[in-house]
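# Geometric and topological summary
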Amino acid sequence: MKTRSESFLKNLLEDAFFFLFFLLLLSVLRGAFLIIFKDMLMPSTSAGDIWGTLWYGLRLSLKTVGGITLIPFLLGTVAQTIWLRWPAEKVRWYWGVLCCVCFVFLFQTRIPYYREFQQAFSPFLFNTFHDDVYAIVKTALDQYQALSRVGMGIVMAIVAAGSWWMTLRLARRCACPFTQLKHKTVLAIVLAILIVPFAVFVRRGGAWDFQHSIYWKNAARTNQHLLNEAILDDVQALYRARKLHKNFSKVTRNLSATEVREAGERLLGKTYEEDSLLPLLTRRAQGAKIAKPRHIFVIVAETYMQWPLLEKYDFLPVTKGLKKLIARPDSIYVPYFLSASNGTMFGLTSVLLGLPELNLYTASRPVSQQPYETALSVQLKKMGYKTHFFYGGFPSWENVGDFVQAQQLDENYYYADFGGKGGVWGVPDKEFFEGIEHKITDEPSFNFILTSTNHPPYTIDMKTEPAITPADKMLALLPSDTPDKKAMVEKLQHFEYADYYLTQFVENILKRYPDSLFVITGDHADRYTLSANPSLYERLAVPLVIVGGGITKKIAAEKMSGAHMDIVPTVMELIAPKGTVYYALGQDVLKGKRPGLHAYYFITEHVLGNLNSEEEEYLPGETEPLSVQEEKELRQRLKDEQTVAAWRILHGTALEEN
């Protein structure tokens, strides 16, 4: 019978082969990822850049592989060393097969995910089962070839498992000489001791100390977004997404009224001993800047991103309509503007409630069954407006029907009200806006509108739309290095379609009611860009356009920035008489010097930065940095706003210890 030393050495060598096999597998998948997206690499990319990416990726994958190797080491090597009859070989084999399957299917999922979001998994992924699951599955089948990817995944998993079987057999053959050594007990003790420094080296991503380690926060080692995302293997990318997602909810764990009061003191600059949040949220209007509009429209447009409006993309026709609205004399355009987060419902709730988003699924919270004092609908209803909500999708999506009704949007219209024909996300924008036009009467109204067409699966037949650039002409406009041009043409045509009918709707209403006010923004960005190496600004920014209702450019600051939560105070400061009390957590964007708060990022008039790291970039044409003190104060202010919002969303306005 074999001794414990023999068992330990044999199993440890098999663990070493396990470690090397999966380190190689992740490196092969990383290389395959780069090959698949090679057309998105910058022309200046050198072989050194690629090798550097693979090297940094291998170092980072040491952490991943080290983690999964713990299972066969503890449940195989250690267990059999204690009990010699323990089936360590079976544990190692089956665990290896499971890892092969998981890695392969994560890889297959990552490909379409990166095509759509240009990220190897993002926190938005964890919103999936709070969303319309049927629509997501339908999108996966229609847009992302889910069935064929499952088939490819099965084939790849079989190949990977077969390779693992051969590797395991090789490991067992190589173990024989070690188990027959004369001083195998001494060798076993030495190797057991060396496991500790090896584990430290692996845990720190190929380094002996934290200063030189590599982990997901500092993995962006190159000047190309694609290469930086390739450095993350799928497990590390998923870990990053989960970590960021949890960061926004951890502020709510054990959140005390005392912490909220401390945040309030910093926001107000004075002692805050109130038993309610209301004093923190109370504002007094400085005086209406325009005459009271007959109709107010706030339009949250699906995937309406900022980057097509940039000068460098003027050759694309996809935002001709919005550019025409921006050029009007009664229009104000805020280019440095962020959505609340990376999902539609997050943007919708933030725009309506005037609160920052912490991915708390606000609309589904018990507190949201009652009206928020900050809700724009609640405040405009007090000013005499009839309130409407228009959405071409379904009231069951994300509990939106119950939520908006609780926020005193009294007349609500959905899919069935606009003909009941369309895709899984809603009726086409053309029929949607035509239907809304018919419902606008002379009675003063506030109209909260959410569009849905500019979203995969892209199902509208553009050949029947003469106003939209034909596919062949759109294709000719694309740069030669654009990857997957056919898919990009489809996306851009749907963007142009959404832009065209939104603009047509705005112009039609303004002809009927010139005293109407429109506020237009996107629900979120971070879907796709034309650039292979987009800046943070190109990835994240959405536009804010305010048009009609007697607007003049003179009432706006020279430079402005903000985010969804600032729309409520901006509208109220535009129309409310001086001294009117209203409620908001944000500030009037048109005054300038207002930082915009996204769940993961912030924006000022000069820089766009990451709330969870030191990553920052200058905005186009800007060179003025924040001082260390300014940045410290800014980050603290944004954190305090999130703290106040978290309490309001979870507990209401009363400041009482739980």
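This section reports on the structure supplied with the text. (Residues numbered from 1 in each chain as written. Predicted model: local features only at pLDDT ≥ 70, side-chain atom pairs only at ≥ 80, totals over all residues. Heavy atoms only, no water.)

Tracing the backbone shows Glu 573 in helix 19 (residues 567–575). A polar side-chain atom of Glu 573 sits 2.9 Å from the main-chain amide nitrogen of Gln 286. With near-sequence residues (within four places) excluded, Glu 573 lies in contact with Arg 284, Ala 285, Gln 286, Gly 287, Ala 288, Lys 289, Tyr 582 and Asp 588. (Helix = DSSP H or I, 4+ residues; strand = E, 2+ residues; numbered from the N terminus. Polar contact = N/O pair within 3.5 Å; in protein donor to acceptor, adjacent residues only side chain to side chain. Contact = heavy atoms within 4.5 Å.)

Our focus in this paragraph is the sheet that holds strand 8 (residues 517–522). Ordered by their spatial adjacency, 7 strands build an open sheet running 3-9-8-2-7-5-6, and the pairing between neighbours is mixed. The two strands at the open ends of the sheet, each matched to only one other strand, are strand 3 (331–334) and strand 6 (411–413). Ignoring which end each strand starts from, the neighbouring axes of this sheet average 10 degrees apart. Sheet topology note: the strand 2 (residues 295–301)/strand 7 (residues 445–450) ladder contains 6 bridges and is parallel. (Pairing = 2+ DSSP bridges. Axes fitted to C-alpha atoms, helices over the stretch in contact; angles between N-to-C directions.)

Next up on the list: the sheet that holds strand 15 (residues 616–618). Pairing is antiparallel across the open sheet formed by 4 strands, whose spatial order is 12-13-14-15. Strands with a single pairing partner mark the edges of an open sheet, and in this sheet they are strand 12 (596–597) and strand 15. Looking at chain direction, strand 12 and strand 13 (residues 601–603) are connected through 2 bridges and run antiparallel. Across the sheet, Gly 596 pairs through a bridge with Ile 603, a residue of strand 13.

This part is about empty space enclosed by the protein. Within the structure shown, the criterion is met by 7 cavities of 30 Å³ or more. Lining the largest cavity, in full, are Leu 26, Leu 29, Arg 30, Phe 107, Arg 110, Ala 230, Leu 232, Asp 233 and Asp 234. In terms of residue count, the dominant contributor to the lining of the largest cavity is helix 1 (residues 4–36) (3 residues). Its residues placed into classes, the lining of the largest cavity shows 5 nonpolar, no polar and 4 charged. (1 Å grid on protein atoms, 1.4 Å probe; cavity = no way out; pocket = protein on both sides within 12 Å on 5 of 7 lines; lining within 4 Å. Points joined across faces, edges and corners; volume = space filled by probe spheres on them. Nonpolar A, V, L, I, M, F, W, Y, C, P; charged D, E, K, R; others polar.)

Attention now goes to the environment of Lys 439. Relative to the helices and strands, Lys 439 resides in helix 15 (residues 429–439). Judged by relative accessible area, which is 28%, Lys 439 ranks as partly exposed. In the structure, Lys 439 is positioned 51 residues away from His 388 in sequence and 9.6 Å away in space, judged by C-alpha atoms. Lys 439 has contacts with Phe 390, Tyr 413, Asp 417 and Phe 418, leaving out every residue within four places of it along the chain. (Buried < 20%, exposed > 50% of the residue type's maximum accessible area, 1.4 Å probe, protein only.)

In this section: unusual backbone geometry. Here the bond from Pro 456 into Pro 457 is cis, since omega is 0 degrees, no more than 30 degrees from zero. By secondary structure assignment, the location of Pro 457 is in the loop between strand 7 and helix 16 (471–477). Of note, Gln 408 is a non-glycine position whose phi angle comes to about 65 degrees, a positive value. Inspection of the secondary structure assignment puts Gln 408 in the loop between helix 14 (400–406) and strand 6. The class for Gln 408 is partly exposed, based on a relative accessible area of 26%. The phi angle at Asp 526 is positive, at roughly 60 degrees, despite the residue not being glycine.

So, about the pattern of salt bridges. Applying the stated criterion across every chain yields a total of 25 salt bridges. Salt-bridge contacts for Arg 92 lead to Glu 14; the nearest nitrogen and oxygen are separated by 2.7 Å. Residue Arg 92 is found in helix 3 (residues 88–117), and its partner Glu 14 is found in helix 1; the two are separated by 78 residues along the sequence. Glu 14 carries the same exposure label as Arg 92, and that label is buried. (Salt bridge = Lys/Arg side-chain N within 4 Å of Asp/Glu carboxyl O.)

Further remarks concern the packing of aromatic side chains. Two descriptors summarise a pair of aromatic rings, namely the distance from one centre to the other and the angle between the planes of the rings. One pass over the full model with this rule turns up 34 aromatic pairs. An angle of 85 degrees between the planes, with centres 5.4 Å apart, marks the rings of Phe 18 and Trp 164 as edge-to-face. Of this pair, Phe 18 sits in helix 1 while Trp 164 sits in helix 5 (residues 146–179), placing them 146 residues apart in sequence. The pair Phe 18 / Trp 164 is uniform in exposure class, with both members buried. (Phe/Tyr/Trp six-rings, centres within 6.5 Å; stacked < 30°, edge-to-face > 60°.)

Residues Phe 389, Phe 448, Phe 505, Val 506, Phe 518, Ile 520 and Ile 575 are the most contacted members of the largest nonpolar core, which totals 141 residues. If you tally residues by element for this core, the top one is helix 17 (residues 485–512), at 11 residues. With 31 residues, the next largest nonpolar core counts Leu 25, Phe 37, Ile 68 and Phe 107 among its residues. (Core = buried A, V, L, I, M, F, W, Y, C linked by side-chain atoms within 4.5 Å.)

By secondary structure assignment, the location of Tyr 313 is in the loop between strand 2 and helix 11 (320–326). Tyr 313 sits 218 residues away from Ser 531 along the chain, and the two C-alpha atoms are 9.8 Å apart. Setting aside residues up to four positions removed in sequence, Tyr 313 forms contacts with Trp 307, Pro 308, Lys 323, Leu 530, Ser 531 and Glu 538.

So, about the packing of helix 2 (residues 47–82) against helix 3. At a minimum axis distance of 8 Å, the contact between helix 2 and helix 3 shows a crossing angle of 165 degrees. Between helix 2 and helix 3, the angle falls in the class roughly antiparallel. Both helix 2 and helix 3 take part in a crossing whose hand is right-handed. Contacts from Thr 64, Ile 68, Ile 71, Pro 72, Leu 75, Gly 76, Thr 77 and Gln 80 in helix 2 reach Ala 88, Glu 89, Val 91, Arg 92, Trp 95, Cys 99 and Phe 103 in helix 3. Classifying every residue of the contact of helix 2 with helix 3 gives 9 nonpolar, 4 polar and 2 charged. (Parallel < 35°, antiparallel > 145°, perpendicular 65-115°, else oblique. Left-handed = near helix turned anticlockwise from the far one by under 90°.)

Before going further, it helps to examine the side chain of Glu 605. By secondary structure assignment, the location of Glu 605 is in the loop between strand 13 and strand 14 (607–610). Of the buried charged residues, Glu 605 lacks a salt bridge, with Lys 593 as the closest side chain of opposite charge at 4.9 Å. Among all residues touching Glu 605, those that are not within four sequence positions of it are Tyr 336, Lys 559, Met 560, Ser 561, Gly 592, Lys 593, Arg 594, Leu 619 and Glu 622. (Lys, Arg positive; Asp, Glu negative; His and termini not counted.)

Taken together, Leu 70, Ile 71, Leu 74 and Leu 75 make up a surface patch of nonpolar side chains, about 330 Å² in accessible area. Along the chain, the position of Ile 71 falls in helix 2. Note on Ile 71: relative accessible area 31%, which makes it partly exposed. (Patch = residues over 30% accessible without salt bridge, like charges linked within 9 Å, V, L, I, M, F, W, Y side chains within 5 Å. Areas by Shrake-Rupley, 256 points an atom, 1.4 Å probe, with all protein chains shown as cover.)

At a minimum axis distance of 9 Å, the contact between helix 15 and helix 17 shows a crossing angle of 15 degrees. Relative to helix 17, helix 15 is oriented roughly parallel. Classified by chirality, the crossing of helix 17 by helix 15 is right-handed. Two secondary-structure elements touch here, helix 15 through Asp 429, Lys 430, Glu 431, Phe 433, Ile 436 and Glu 437 and helix 17 through Tyr 497, Ala 498, Tyr 501, Leu 502, Phe 505, Asn 508, Ile 509 and Arg 512. The residue inventory of the contact of helix 15 with helix 17, partitioned by class, reads 8 nonpolar, 1 polar and 5 charged.

The buried fraction of strand 7 is high, at 6 of 6 residues. Burial of strand 7 is two-sided: the residues Ser 445, Asn 447 and Ile 449 facing one way and the residues Phe 446, Phe 448 and Leu 450 facing the other way are all buried. Sheet topology note: the strand 5 (residues 386–391)/strand 7 ladder contains 6 bridges and is parallel. When the bridges of strand 7 are listed, Lys 386 appears paired with Ser 445.

This part takes up the layout of surface pockets. Approximately 970 Å³ is the volume attributed to the largest pocket. Along the walls of the largest pocket sit 31 residues, with Phe 19, Gly 66, Phe 198, Ala 199 and Val 202 positioned nearest its centre. Here the residues of the lining of the largest pocket are counted per class, giving 20 nonpolar, 5 polar and 6 charged.

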